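# Fold and contact review
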Amino acid sequence: MMSASVRFPVLTKQSTQEPNKRALPSLSPPILASSLLFPRRRSSGPNEKALPADFDPLPDALSPHEPAPLASSPAPGSGEPGGGGPRSAAALLRQDSARGSALRCAGHGGGVARPAAQRTKMWKQFLSKLPRTKSTGAGRDDGFDSGQCSSNTTNGIQRASSVPSGGGGGRSASAIKRMSSAVFPSSVVAGIEPLVAFKDVPSSERQSLFVSKLGLCCAVFDFSDPGRSSAEKDIKRQALLDLVDFVDNNTSRFSEAVIAACSRMLAVNLFRVFPPSYRSGSSAGEGDEDEPMFDPAWCHLQLVYELLLKFVGSNSLDAKIGKKYFDHSFIVRLLNLLDSEDPRERDALKTILHRIYGKFMVHRPFIRKAMSNIFYHFVFETQRHNGIAELLEVFGSVISGFALPLKEEHKIFLWKVLIPLHKPKSVGVYLQQLTYCVTQFLEKDPKLAGSIVLGILRYWPITNSQKEVMFLSEIEEILEATSMAEFQKCMVPLFRRVAHCINSSHFQVAERALFMWNNDHIVSLIVQNRQVIMPIILPALEQNSQTHWNQAVLNLTANVMKMFSEMDEELFSECLTKCKEDEENQASLEEKRRSTWARLESAAALQPVTGHTAVLVGRLPSANLIATLI
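Quick caveat: nothing in here was measured; it's all calculated off a predicted structure.

Across the 11 residues that make up helix α6 (residues 206–216), a large majority, nine, are buried. The complete set of buried residues in α6 reads Q207, L209, F210, V211, S212, K213, L214, G215 and L216.

Rendered as structure tokens:
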């Protein structure tokens, strides 16, 4: 039996007990060593006697990692396929060593042991001259995750010595060999070495090489340990760069096999479950925003997203074939990725979704429905999602392409999705995109303005001052695109709310409400409807001028009152007089209320309660009780 110090594994006790713990290293150069050193090992012809069966001490059960032939063309004189053709050097070494042991055990004595030892020594000398790949240690799986495209990939990614890590730029097309190995089965690589550069193969073979590289990129690595499988990660990154460059420069139509392989590789690399978020529930705008989380695998994900973007947008992709692979399931899982905490990934997905929406017209209704479902889930259930702003940005471009007149389906989306999106506390994160979507609807149909303003007033914040400021900004932007007829439908409830904001003790709310009079279009609407608006706003301005604590708000209040005075001095005087009368009436009512309570207190003091009689006194006693006491 050979010593365990031999570099290549032999049939030892350890390897017999755990055959799957150690994989045979690959011999990179396609050299048929058996035909060079031992011509007697050729396959037996019709006139030659085959070797006895008991001379093969390695049954299939003990050699699960038997490497495939390194070249498809047999060596000269190797015989027909299946007749015991040339084997790898490591396999011959194991078989020769085992045969020597078997002969010694059979009683042949030391006369056979010496030739076996000599053969072993010759093998060592020969193999020491061959270039070897760097050993990664026994029992290591080289960082492959469960997302591999083949279940047989237990070894690391192999790199041929004649192909540099950059993709094999120096290899000629005539030297390309068809291959199949445990790492790259023939069903995945389509029979072509995946590390070859596209420029080194004829144009007719480039789509097959494209499929081979896609199979190579199905290996998913763990980036939690940056130093693990670094060589294999670099190989995959280079393969992804080659794929992106090929799609960018390709002019021929993609075959269905290419589209299927590409969708499979994209699914393996992109679709994953995000870990639960342990961030605090504070909404944006109420405190400092959380620091963004960056995915450590972005160096690969970025190239995969770039490949998807270029592949979907390529003229070489036939939409009629592509829709079968970029189907509803693919789109839903792609939309789910928008919940990623990495802003770079969400930005890439935003562009890709827009490209898919434009490419596959048959999927457009489904994409809108799937996006609506995400909005419903966010507004009415969780109020937690990282990609609402990106989804709204995509939908804003979709709305701009709606045909006129608007379908009822699109109006329902406005009432049931966009307007309720004003409800969550985190509206500040996506308010800019939400406002853009609303104004796009107004540009399509200006008659929606009045109902939009009334819908926003339904979700107006009462205790959240920062949301009030944002709502006032949105209202101003909507009013800029509002016609006179639509303005008149909503001006009374709208300016009642504005009057409340003017009287707010929060100076930013009051200031933002008064800034609306700096907008020329809004002022023109107010001027034409001053008979209705001035009696609503002027009392709030008068109260501010007397009681507000902030000097900036006082100055703005004085400016607005001056504008009203110049707008219609007679109406301004009437409203101011009526406002003073209302103040006097309010003061008299307050004085009457105080005197009533004083009489009640004095009457109660003159008639003290005796015994255990319970007396219930409300803040507003009834008229009968007051008459009885008086």
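As a further point, take the packing of helix α22 (residues 530–547) against helix α24 (residues 569–606). Packing of α22 against α24 leaves a shortest axis separation of 9 Å and a crossing angle of 55 degrees. In terms of their interaxial angle, α22 and α24 are classed as oblique. You can see that α22 and α24 cross each other, and the crossing is right-handed. Every residue of α24 that contacts α22 at R530, Q531, M534, P535, L538, P539, E542 and Q546 is listed here: L571, F572, C575, L576, C579 and E583. Its residues assigned to classes, the contact of α22 with α24 shows nine nonpolar, two polar and three charged.

Secondary-structure assignment places C299 in helix α9 (residues 298–313). Assessed through its relative accessible area of 31%, C299 is described here as partly exposed. Along the chain, C299 and K233 lie 66 residues apart, while their C-alpha atoms are 9.6 Å from each other. Not counting the four nearest positions on each side in its chain, C299 is found in contact with F223 and R237.

Turning our attention to the packing of helix α20 (residues 507–514) against helix α23 (residues 551–567). Running from amino to carboxyl end, α20 crosses α23 at an angle of 20 degrees, the nearest separation of the two axes being 10 Å. As judged from the angle between their axes, α20 and α23 are roughly parallel. As α20 runs across α23, the sense of the crossing is left-handed. Across the interface between the two elements, F507, A510, E511 and L514 from α20 touch A552, V553, L556, T557 and V560 from α23. A class-by-class count of the residues in the contact of α20 with α23 yields seven nonpolar, one polar and one charged.

Before going further, it helps to spend a moment on unusual backbone geometry. The omega torsion across L404 and P405 is -5 degrees, close enough to zero to call that bond cis. Among the secondary structure elements, P405 is positioned in the loop between α14 (388–399) and α15 (408–418). A positive phi angle, near 55 degrees, is found at S229, a position not held by glycine. Residue position: S229 is located in the loop between α6 and α7 (230–249). The phi angle at Q383 is positive, at roughly 55 degrees, despite the residue not being glycine.

Another aspect to go through is the pattern of salt bridges. Following the criterion strictly, the structure yields 16 salt bridges and no others. Between E256 and K324 there is a salt bridge, with its nearest N and O atoms 2.9 Å apart. Of this pair, E256 sits in helix α8 (residues 256–270) while K324 sits in helix α10 (residues 319–325), and the two are 68 residues apart along the sequence. On the basis of relative accessible area, K324 is assigned to the partly exposed category, the value being 49%. A salt bridge links R512 to E476; the nearest nitrogen and oxygen atoms lie 2.5 Å apart. Of the two residues, R512 is situated in helix α20 and E476 in helix α18 (residues 465–480); the sequence distance between them amounts to 36 residues. R512 sits in the buried class, given a relative accessible area of 16%. Salt bridges linked by common partners bring R272, D295 and E345 together as one network.

Turning to the environment of R364, a few remarks are in order. If you trace the backbone, R364 turns up in helix α13 (residues 364–382). On the basis of relative accessible area, R364 is assigned to the partly exposed category, the value being 25%. On a C-alpha basis, the gap between R364 and V398 in space is 9.6 Å, while along the polypeptide they are 34 residues apart. Each residue touching R364, except ones within four places of it in the same chain, is listed here: Y357 and G358. At a separation of 2.8 Å, a polar atom in the side chain of R364 contacts the main-chain carbonyl oxygen of Y357.

By the definition in use, this model includes 19 aromatic pairs. With centroids separated by 5.0 Å and ring planes inclined at 85 degrees, the aromatic side chains of F326 and F330 adopt a geometry described as edge-to-face. The exposure class assigned to F326 is buried, which follows from its relative accessible area of 0%. Owing to a relative accessible area of 2%, F330 belongs among the buried residues under this scheme. Here a set of aromatic residues connected by ring pairs shows up, and it is made of F198, F210, F246, F254, F271, F311, F326, F330 and F360.

Attention shifts here to helix α12 (residues 343–359). Taking 1.5 Å of rise per residue, the 17 residues of α12 would be expected to cover 24 Å, and the 24 Å separating its terminal C-alpha atoms lies within 8% of that figure. For α12, every residue scored as buried is listed here: E345, R346, A348, L349, K350, I352, L353, I356 and Y357. The secondary structure elements touched by the buried residues of α12 are α9, α11 (328–336), α13 and α14.

With that settled, the discussion passes to the side chain of E390. Note on placement: E390 falls in helix α14. Owing to a relative accessible area of 14%, E390 belongs among the buried residues under this scheme. Among the polar contacts made by the side chain of E390, one reaches the side chain of R346 at a distance of 3.4 Å. In contact with E390, not counting residues within four places along its chain, are L338, R346 and K350.

Rules used in this analysis
- Residues numbered from 1 in each chain as written.
- Predicted model: local features only at pLDDT ≥ 70, side-chain atom pairs only at ≥ 80, totals over all residues.
- Heavy atoms only, no water.
- Buried < 20%, exposed > 50% of the residue type's maximum accessible area, 1.4 Å probe, protein only.
- Helix = DSSP H or I, 4+ residues; strand = E, 2+ residues; numbered from the N terminus.
- Axes fitted to C-alpha atoms, helices over the stretch in contact; angles between N-to-C directions.
- Parallel < 35°, antiparallel > 145°, perpendicular 65-115°, else oblique.
- Left-handed = near helix turned anticlockwise from the far one by under 90°.
- Contact = heavy atoms within 4.5 Å.
- Nonpolar A, V, L, I, M, F, W, Y, C, P; charged D, E, K, R; others polar.
- Salt bridge = Lys/Arg side-chain N within 4 Å of Asp/Glu carboxyl O.
- Polar contact = N/O pair within 3.5 Å; in protein donor to acceptor, adjacent residues only side chain to side chain.
- Phe/Tyr/Trp six-rings, centres within 6.5 Å; stacked < 30°, edge-to-face > 60°.
- Expected span 1.5 Å × (residues − 1).

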